[in-house]
Amino acid sequence: MNAVRYSLRQLEYFVAVADAGTLSGAAARLHVSQPGLSQSLTDLERALDVQLAVRRKAHGVTLTPTGVQVLRHARELLRHADDLTSVASGGDALSGALSLGCYVTLAPTALPSLLQDFTELHPGLTIDFVEGTQDVLQRKLMLGELDLAILYDMEVQPDMDRAVIDTARPHILLPADHRLARRRTVSLADLADEPMVLLDAPPSSHNTLAIFERFGVRPDVRYRPKTFELTRALVGRGMGYALLVQRPANDRTYEGHPVVVKEIAEPVGDSRVLIAWPKATRLNRRAQAFVEFCQQRGTSPASR
């Protein structure tokens, strides 16, 4: 067995440089000297016998293709090192940081209670989270920047492991004074000639259009907002209808305009909510515990 010729500190410094993009930025974040940080990176490259980064005085640090691969494994090693420290110091108690991503429209209803309730169970744990579209979040997972991501079961890459943690039924959102607002259900065909507000945050827009296509309806897409609340705001002003999955408890927009949720008459089926991670990654204790927690309680307000 070959002796390990690099240290966890060197890996920590390398990750910091990659995240900051410059030696000076990483040195300031770590409270170490820039020459010492540069020497640590050189020593790590020498130990691994590869070039991890190209250093340009005026342009910062750019990872080589090998550096990108090493970065993902370095993040994973550091997370498992945190696990080892936790076990050695306190047995089953979880500590350290968990990096979590969440699809942007799921975040407002899913994240707050998950973050609060899980950290109440594990007060020694910190959860760092980012919101984004599913393509961005999956790229961050593959680069090792995230431990886990909460996604819809739509356009998930085949090299992702996943667990179903909830389901949600798509619905139609209408202004409160809409001609169909008093109906119990609304058919997609009844909306074919009306302007549509299409939430354009992949893969939400692709899934929405696929639903209409499945039932032979061609929507008149008038607006393509990028955010969930702007979509609701346009609907609240009577500028169109929307097909959405998330159901906030509030029936008013930011501007105070009332909106109503209507079930879809066609059998559109449920959308599955997943928690995902790369198949090539072995979950650390913090991530495994969070997956199990989400499976037990779900993400929607109705599941709590």
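As a convention, each chain's residues are numbered from 1 in the sequence order in which they are written. Totals for whole chains, interfaces and linings use every residue, but because this is a predicted model, local features are given only for residues with pLDDT of at least 70 and side-chain atom pairs only at 80 or more, for both listing and counting. The side-chain values count all of the structure's non-hydrogen atoms but skip hydrogen atoms and water molecules.

### What to know about the overall build of the chain
Scanning the chain from terminus to terminus reveals nine helices and 13 strands. Referenced to the eigenvectors of the C-alpha coordinate spread, the extents of the chain come out at roughly 70 × 45 × 35 Å. Long-range contacts, defined here as pairs at least 24 residues apart, represent 70% of the contacts in the chain between residues at least 6 apart. Numbering of helices and strands runs from the N terminus; a helix is a DSSP stretch of H or I covering at least four residues, while a strand is a stretch of E covering at least two. Note on contacts: a residue pair qualifies if any of its non-hydrogen atoms lie within 4.5 Å across the two residues.

### Some points on the packing of helix H1 (residues 8-20) against helix H2 (residues 23-30)
Lines fitted to C-alpha atoms define the axes, with helix axes restricted to the stretch in contact, and inter-axis angles between N-to-C directions lie between 0 and 180 degrees. Running from amino to carboxyl end, H1 crosses H2 at an angle of 125°, the nearest separation of the two axes being 8 Å. Here H1 lies oblique to H2, going by the angle between them. The way H1 lies across H2 gives a crossing that is right-handed. Contacts from Glu12, Tyr13, Ala16, Val17, Asp19 and Ala20 in H1 reach Leu23, Gly25, Ala26, Arg29 and Leu30 in H2. Just so you know how the angles are binned, under 35 degrees is roughly parallel, over 145 roughly antiparallel, 65 to 115 roughly perpendicular, and the rest oblique. Take the far helix as the reference: if the near one is turned anticlockwise from it by less than a right angle, the crossing is left-handed, and if turned clockwise, right-handed.

### Observations regarding helix H5 (residues 107-121)
Between its first and last C-alpha atoms H5 spans 20 Å; for 15 residues at 1.5 Å apiece the expected length is 21 Å, and the two agree. Per-residue accessibility, obtained with a 1.4 Å probe over protein chains only, is compared with the maximum for each type, and a residue is labelled buried under 20%, exposed over 50%, and partly exposed between these values. When H5 is considered as a whole, its buried residues turn out to be Ala107, Thr109, Ala110, Leu111, Ser113, Leu114, Leu115 and Phe118. Contacts made by the buried residues of H5 are with strand E3 (96-103), strand E4 (125-132), strand E5 (148-152) and helix H9 (285-297). By this rule the span expected of a helix is its residue count minus one, scaled by 1.5 Å.

### Things to note about H1
At 3.6 residues per turn, the α-helix brings residues three or four places apart onto the same side. Under the 1.5 Å per step criterion, the end-to-end length of H1 is 18 Å for 13 residues, consistent within 8% with the ideal 18 Å. Residues Gln10, Leu11, Tyr13, Phe14, Val15, Ala16 and Val17 constitute the buried set of H1. The positive-phi residue at the C-terminal boundary of H1 is Gly21, with phi of around 85°.

### Topic: the nonpolar core
Judged by nonpolar contacts, the single largest core of 41 residues is most densely connected at Leu100, Phe118, Leu148, Ile150, Ile275 and Phe290. Per element, the largest residue contribution to this core is six residues, and it comes from H9. In this structure, Leu11, Phe14, Leu37 and Leu44 belong to the second largest nonpolar core, which totals 19 residues. Residue types Ala, Val, Leu, Ile, Met, Phe, Trp, Tyr and Cys, when buried and joined through side-chain atoms within 4.5 Å, form a set referred to as a nonpolar core.

### A word on the packing of H5 against H9
Viewed as axis vectors pointing N to C, H5 and H9 meet at an angle of 120°, and their least axial separation amounts to 11 Å. As summarised for this structure, H5 and H9 are arranged oblique, according to the angle between their axes. As H5 runs across H9, the sense of the crossing is right-handed. Contacts from Ser113, Leu114, Asp117, Phe118 and Leu121 of H5 reach H9 at Arg286, Ala289, Phe290, Phe293, Cys294 and Arg297. Grouping the constituent residues of the contact of H5 with H9 by class yields seven nonpolar, one polar and three charged. Charged residues are taken to be Asp, Glu, Lys and Arg, nonpolar residues to be Ala, Val, Leu, Ile, Met, Phe, Trp, Tyr, Cys and Pro, and polar residues to be all remaining types, Gly included.

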